[in-house]
Amino acid sequence: MTAVLEALPPVEALKALRARGELLSPSFDWQDVYAEAHANQFTVAKSAGFDILKDLFDGLETTLEQGGTFRDFASQVTPVLQAKGWWGKQLVEDPVTGEQQPAQLGSTSRLQLIFNANMRVSYAAGHWANFERNKRARPWLRYVCILDDRTRPEHRARHNLCLPVDDSYWDTWAPPCGWNCRCTLQSLSDRDVDRMRSDLFFTPPANVIVPFLNKRTGVVRMVPRGIDPGWDHNPGKSGFRAMDAAEKLIDAPPRLAAQVNRDPDWLLKPIGKEFADWFDAAAAGGRVDRSLVVVGALSDDVLDALAARDAKPVSGAITLSQQSAQHMVRDSKADAGRAIPVELLRQLPSKLAQPDAVLRDRRDGSLLYVFNSDVDQRLAKVVVRLDFQSKARPPGEKPQSIMTNAVRTAGLVDARNLNDGSYELLTGNL
């Protein structure tokens, strides 16, 4: 039998692209959305006034997912862009000044630029996620150039520069460092560094700083020579995963962790899409980069109510393990009459951030987060065990024991069953 091998999609690069695709931002000039902002939104210059961003994004996503080429991308989007009038040279109104200006809209070379820039940024963000995840075993990064006559001299001067992953130098000098930059970063172990030491150097070349005036905003930005304006940031680090920030809630004092509920957009909204992707993979039983994720935090009101009952949780974080995710989905498929729909479970961070009520089980001290199920008259409940000991596998590390407030199960419940004396209301209304 002959084995047929199929290329797997670049998962981290897809996540990075999709995260930017959550915010489609039409713009007139490339300077309207500058540097780090590109890591958090998808934009194309001269797109303002044209309904084309979704078409371009969908084309990039499909091409990246299927391992396609520029030709595949161009063949998908060109007819659509031409039908919508975003093609060739035209007079276009500047939304800031109201003036009509000649502009190059769609063309083969323009699509090539859009394709190359977005693919490189997406891969850079995907690579950075892996650098962070594996930095315990591979704590070094090496700057790598393609050494030919197209290489910028400033980039060539950094070929084989080796610095720790956490070095602030990478906040600026992280490829791509400009339009059509082909440089990359390579992660190395201590053993790799020892083996390659004769080829590596560990002190960066001096930066020559030049001013760049953003004519759209009037802001002057100091940019190292060799980096194109707008690329003087780390696209991977800027867009690095919100879940990694959420994990810090585990070790934070409960009152500090509770602050995320005062402004859910600060943390819980960004992790929504990322959590949904993790949940799908975890529930399917596939290998995920972490066996336990943070999905929220106990609020100040809940902490006050628990303190009045002499209950003081060790952590304020609410977590969900892969095992619990699998159980909840299995229950949903086995007993659709009593289980929460999977689509609601995928929205767990936002549901826990803004529940209709939180109750305490008098029998074992568990918390019940209750919200509208959107199914029938019954409510959705999520059971959270306080101070629950779990085994967690952080990215790139060995499993370790942690104590958090763990989501253990979920289901549908009649409101009258919550008033049988087994539960006490801590916050909200039923």
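Everything below is about the structure printed above this text.
With that settled, consider the state of the cysteines. Summed over the entire model, instances satisfying the criterion amount to zero disulfides. Lacking any disulfide linkage, Cys 145 is separated from the closest cysteine sulfur, that of Cys 183, by 3.5 Å. In this structure Cys 181 is not part of a disulfide, and its nearest cysteine sulfur, from Cys 183, lies 3.8 Å away.

Throughout the structure, instances matching the rule amount to two cavities of 30 Å³ or more. Empty space within the second largest cavity amounts to approximately 40 Å³. Surrounding the second largest cavity, Leu 113, Asn 116, Ala 117, Arg 120, Gly 178, Trp 179, Asn 180 and Trp 231 form its lining. Here the residues of the lining of the second largest cavity sort into four nonpolar, three polar and one charged.

Turning our attention to unusual backbone geometry. With an omega of 0°, the peptide bond running from Pro 175 to Pro 176 counts as cis. With respect to the helices and strands, Pro 176 occurs in the loop between strand S4 (162–164) and strand S5 (184–188). The residue Asp 310 is not glycine, and still its phi comes out positive at about 60°. Relative to the helices and strands, Asp 310 is located in the loop between helix H11 (300–307) and strand S9 (317–321). Phi is positive for Asp 387, close to 45°, though the residue is something other than glycine. Structurally, the position occupied by Asp 387 is in strand S12 (residues 379–392).

Before going further, it helps to examine a nonpolar patch on the surface. A grouping of Ile 209, Leu 213, Val 220 and Met 222 is seen on the molecular surface, where their side chains present a nonpolar patch of about 380 Å² in accessible area. Of all elements in the fold, only strand S6 (209–213) and strand S7 (220–224) reach the threshold of two or more residues within the nonpolar patch. Within the element layout of this structure, Met 222 appears in strand S7.

The geometry of an aromatic ring pair is captured by two quantities: the separation of the ring centres and the angle between the planes. Scanning all chains against the criterion turns up nine aromatic pairs. Judged by centre distance (6.1 Å) and plane angle (75°), the ring pair of Trp 140 and Phe 202 falls under edge-to-face. Residue Trp 140 is located in strand S3 (residues 140–144), and its partner Phe 202 is located in the loop between helix H6 (190–196) and S6; the two are separated by 62 residues in the primary sequence. Judged by its relative accessible area of 31%, Phe 202 is partly exposed. Measuring from ring centre to ring centre gives 5.9 Å for Tyr 169 and Trp 170, while their planes differ by 75°; the resulting arrangement is edge-to-face. In terms of burial, Tyr 169 and Trp 170 fall into one category: buried. Three or more aromatic residues link up through ring pairs in this structure, and these residues are Phe 70, Phe 73 and Phe 115.

With that out of the way, let us pick up the pairing of strand S10 (residues 357–361). Extensive coverage of S10 is indicated by the burial of five of its five residues. Note: S10 against strand S11 (residues 367–372), four bridges, orientation antiparallel. Note that in S11 the partner of Ala 357 across the bridge is Val 370. Connecting S10 to the next strand, S11, in antiparallel fashion are five residues, including Gly 365 with a positive phi near 80°. Here S10 runs beside strand S14 (residues 423–428); their pairing, made up of five bridges, is antiparallel. Each bridged residue has a counterpart across the sheet, and for Arg 360 the counterpart in S14 is Glu 424.

With that settled, the discussion passes to the nonpolar core. If you look at the biggest cluster of nonpolar residues, it comprises 37 residues, and the most contacted ones within it are Phe 279, Leu 320, Leu 367, Tyr 369, Val 382 and Val 407. Here the element with the most residues in this core is helix H10 (residues 271–283); it accounts for five residues. With residues near it in sequence (within four places) discarded, Val 382 still touches Ile 340, Leu 348, Leu 352, Leu 367, Leu 368, Tyr 369, Phe 371, Val 407, Thr 409 and Ala 410. The next biggest cluster of nonpolar side chains, apart from the first, holds 23 residues, and it includes Leu 14, Leu 17, Ile 52 and Leu 64.

Our focus in this paragraph is helix H2 (residues 53–66). The α-helix advances 3.6 residues per turn, and as a result positions three or four apart in sequence lie on the same side. The end-to-end C-alpha distance of H2 is 20 Å, a good match for the 20 Å that 14 residues give at a rise of 1.5 Å each. Here H2 has its buried residues at Leu 53, Asp 55, Leu 56, Phe 57, Gly 59, Leu 60, Glu 61, Thr 63 and Leu 64. Looking one or two residues past H2, Gly 67 carries a phi angle of roughly 70°, positive in sign.

On to helix H3 (residues 70–83), then. Its 14 residues give H3 an end-to-end C-alpha distance of 20 Å, which sits within 8% of 20 Å, the value for a rise of 1.5 Å per residue. At Val 77, H3 shows its maximal bend, which comes to roughly 35°, and the proline Pro 79 appears one to four places after that position. Looking only at H3, the buried set comprises Phe 70, Phe 73, Ala 74, Val 77, Thr 78 and Leu 81. Elements in contact with the buried residues of H3: H2 and helix H4 (108–133). A positive backbone phi angle near 85° is found at Gly 85, which sits one or two residues after H3.

Considering all chains together, one arrives at 18 salt bridges under this definition. A salt bridge links Asp 232 to Arg 221, with the nearest nitrogen and oxygen atoms 2.6 Å apart. Here Arg 221 lies in strand S7 and Asp 232 lies in the loop between S7 and helix H7 (235–238), a separation of eleven residues in the sequence. Judged by its relative accessible area of 7%, Asp 232 is buried. Residue classification places Arg 221 among the partly exposed positions, given a relative accessible area of 24%.

Thresholds, definitions, all that
- Residue indices follow the written sequence of each chain, beginning from 1 at its first position.
- Since the coordinates come from a predicted model, pLDDT governs what is reported: local features require at least 70, and pairs of side-chain atoms require 80 or more to be given and counted, while whole-chain, interface and lining totals use all residues.
- Only hydrogens and water are removed before side-chain values are computed, so all heavy atoms of the structure are retained for them.
- Criterion for a disulfide: a pair of cysteine sulfur atoms at a distance within 2.5 Å.
- Site definitions follow a grid-based scheme: protein atoms alone, a 1 Å grid, a 1.4 Å probe that fits but cannot get out for cavities, and for pockets an open set with protein on both sides within 12 Å along at least five of seven lines, plus lining residues having an atom within 4 Å of a point.
- Grid points are joined across faces, edges and corners, and a volume is the space filled by probe spheres set on the points.
- Each residue is assigned to one of three groups, with Ala, Val, Leu, Ile, Met, Phe, Trp, Tyr, Cys and Pro labelled nonpolar, Asp, Glu, Lys and Arg labelled charged, and all others, Gly among them, labelled polar.
- Helix and strand definitions follow DSSP, with helices as H or I runs of at least four residues and strands as E runs of at least two, each counted in order from the N terminus.
- For patches, a residue must show more than 30% relative accessible area and have no salt bridge; joins then use 9 Å for like charges and 5 Å for nonpolar side chains, namely Val, Leu, Ile, Met, Phe, Trp and Tyr.
- Using the Shrake-Rupley algorithm and a 1.4 Å probe, accessible areas are obtained, with residue cover drawn only from the displayed protein chains.
- The working definition used for a salt bridge is a side-chain nitrogen of Lys or Arg within 4 Å of a carboxyl oxygen of Asp or Glu.
- Between rings of Phe, Tyr and Trp, where Trp is taken as its six-membered ring, a pair exists when centres lie within 6.5 Å; planes separated by under 30 degrees are stacked, by over 60 edge-to-face, and by other angles tilted.
- Summary of the burial criterion: residues with accessible area below 20% of their type's maximum are buried, those above 50% are exposed, and those between are partly exposed, where the area comes from a 1.4 Å probe applied to protein chains only.
- Between any two strands, pairing holds if DSSP finds at least two bridges.
- Take the buried Ala, Val, Leu, Ile, Met, Phe, Trp, Tyr and Cys residues and link them wherever side-chain atoms come within 4.5 Å; each set so joined is a nonpolar core.
- The contact rule is simple, with two residues in contact once any of their heavy atoms fall within 4.5 Å.
- A helix is expected to span 1.5 Å for every residue after the first.
- Fitting axes to the seven residues that end at a residue and to the seven that start at it, the angle between those axes gives the bend at that residue.

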